[in-house]
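# Breakdown of the fold
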Amino acid sequence: MKLYQIAVSPFPPRVRLSLYMKGIDFEVVEPPGFDEAGPKGAFLALNPMGRGPGLILDDQRALPESEVICEYLDDAFPKPSLRPSDPWQRAQVRLLSRISDIYLVMAMVPLFDLVVQPSARRDAAAVGSAHDRVGEALDFLDHYIGTSGYAVGDGVTTADGTLAPMLVLVDEWMPACFGQRSTLPPRSNLSRYWQRVQSDPLVGRIADEMRVALAERRRRREMAAG
């Protein structure tokens, strides 16, 4: 299998977590221009939406959208499963992923746009508004997050793959780029979850991969700026 991805995107890590958990061999591909205005080449032939991640199966069928890919992997390779057998817990996994994708990711979109601007030219009001919306999304997660060390239940689920890269962004990327304190500490349930879940080898691995990708992106931008 091949996983087409943008390294700094928070969506591919959830797919990688599933692949790691299931012991599936795969190749990571990050095409030139994939996250830029340039042509995306052959990837568009596989996924006309042009967004990552995209999973290319061994028979060359292509599947886009991270949540869909994770569901496919759990259906095609059911053991170990990253979806609880209990219907209520399975619903909680979907709920946490949905809150992250609809509320937290969308709250951070303005920050993704603003970070490429010089600090002195950033709209302070826009940064503050985005920060407030991020806090609101974190409140929702704090309410629903599990209290046993994982997002739901007592083991790794796709919800952990969804949340880990986003919490790296919230807890480390936002303060580093916008000079604000982490917004996690006031939210005790979410803060405790984040401290505990990183001790899981696979969740910790995708969190560290996100950190490495962000550091490399920052290094490239600093070099480009001279």
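Since the model is a prediction, treat every value here as computed from it, not as a measurement.

### So, the layout of surface pockets
A volume near 250 Å³ is recorded for the second largest pocket. Looking at the second largest pocket, the residues that line it are Glu 67, Cys 70, Glu 71, Arg 83, Arg 90, Val 93, Arg 94, Ser 97, Arg 98, Asp 101, Ile 102 and Thr 158. A per-element tally of the lining of the second largest pocket places helix 4 (residues 87–114) first, with seven residues. In terms of residue class, the lining of the second largest pocket is made up of three nonpolar, two polar and seven charged.

### Regarding helix 1 (residues 12–22)
By the criterion of burial, helix 1 is predominantly enclosed, with ten of the eleven residues buried. Those residues of helix 1 not exposed but buried are Pro 12, Pro 13, Arg 14, Val 15, Arg 16, Leu 17, Ser 18, Leu 19, Tyr 20 and Lys 22. In the stretch just after helix 1, Gly 23 is the one whose phi turns positive, near 65 degrees.

### Section: the packing of helix 5 (residues 124–144) against helix 7 (residues 188–197)
Interhelical geometry of helix 5 versus helix 7 gives an angle of 75 degrees and a closest axis separation of 7 Å. Here helix 5 is positioned roughly perpendicular relative to helix 7, judged by the angle of their axes. Packed against helix 5, whose contacting residues are Leu 138, Leu 141 and Asp 142, the element helix 7 presents Ser 188, Asn 189 and Leu 190 at the interface.

### As for helix 7
When we look at burial in helix 7, the residues that qualify are Leu 190, Ser 191, Tyr 193, Trp 194 and Val 197. Each buried residue of helix 7 lies within a common arc of 160 degrees when the element is viewed along its axis, so the set occupies one face.

### Quick look at the confidence of the model for the chain
Looking at the chain, pLDDT values average 91 and 94% of them are 70 or higher. The low-confidence segment residues 35–39, where pLDDT is below 50, has five contacts with residues more than four positions distant or belonging to other chains.

### So, a nonpolar patch on the surface
Among the surface-exposed residues, Ile 102, Tyr 103 and Phe 140 lie close enough to one another that they form a single nonpolar patch of about 260 Å² accessible area. Among the structural elements, Tyr 103 can be located in helix 4.

### Re the side chain of Ser 191
Following the sequence through the fold, Ser 191 ends up in helix 7. Its relative accessible area of 13% is what places Ser 191 among the buried residues. Apart from residues no more than four positions distant in its own chain, Ser 191 is found in contact with Leu 184 and Pro 185.

### Points about the packing of aromatic side chains
Tallied over the entire structure, the rule returns four aromatic pairs. With a centroid separation of 5.6 Å and an interplanar angle of 55 degrees, the aromatic rings of Phe 112 and Trp 173 are classed as tilted. Taken together, the residues Phe 112 in helix 4 and Trp 173 in helix 6 (residues 158–178) connect sequence positions 61 residues apart. You can call Trp 173 buried: its relative accessible area is 12%. A centroid spacing of 5.8 Å and a plane angle of 75 degrees characterise the contact between Trp 173 and Phe 178, whose relative ring orientation is edge-to-face. Each of the two residues, Trp 173 as well as Phe 178, counts as buried. Here the aromatic residues Phe 112, Trp 173 and Phe 178 are joined through ring pairs into a cluster of three or more.

So, how was this worked out
- Residues numbered from 1 in each chain as written.
- Predicted model: local features only at pLDDT ≥ 70, side-chain atom pairs only at ≥ 80, totals over all residues.
- Heavy atoms only, no water.
- 1 Å grid on protein atoms, 1.4 Å probe; cavity = no way out; pocket = protein on both sides within 12 Å on 5 of 7 lines; lining within 4 Å.
- Points joined across faces, edges and corners; volume = space filled by probe spheres on them.
- Helix = DSSP H or I, 4+ residues; strand = E, 2+ residues; numbered from the N terminus.
- Nonpolar A, V, L, I, M, F, W, Y, C, P; charged D, E, K, R; others polar.
- Buried < 20%, exposed > 50% of the residue type's maximum accessible area, 1.4 Å probe, protein only.
- Axes fitted to C-alpha atoms, helices over the stretch in contact; angles between N-to-C directions.
- Parallel < 35°, antiparallel > 145°, perpendicular 65-115°, else oblique.
- Contact = heavy atoms within 4.5 Å.
- Arc of directions from axis to C-beta.
- pLDDT = per-residue confidence, 0-100.
- Patch = residues over 30% accessible without salt bridge, like charges linked within 9 Å, V, L, I, M, F, W, Y side chains within 5 Å.
- Areas by Shrake-Rupley, 256 points an atom, 1.4 Å probe, with all protein chains shown as cover.
- Salt bridge = Lys/Arg side-chain N within 4 Å of Asp/Glu carboxyl O.
- Phe/Tyr/Trp six-rings, centres within 6.5 Å; stacked < 30°, edge-to-face > 60°.

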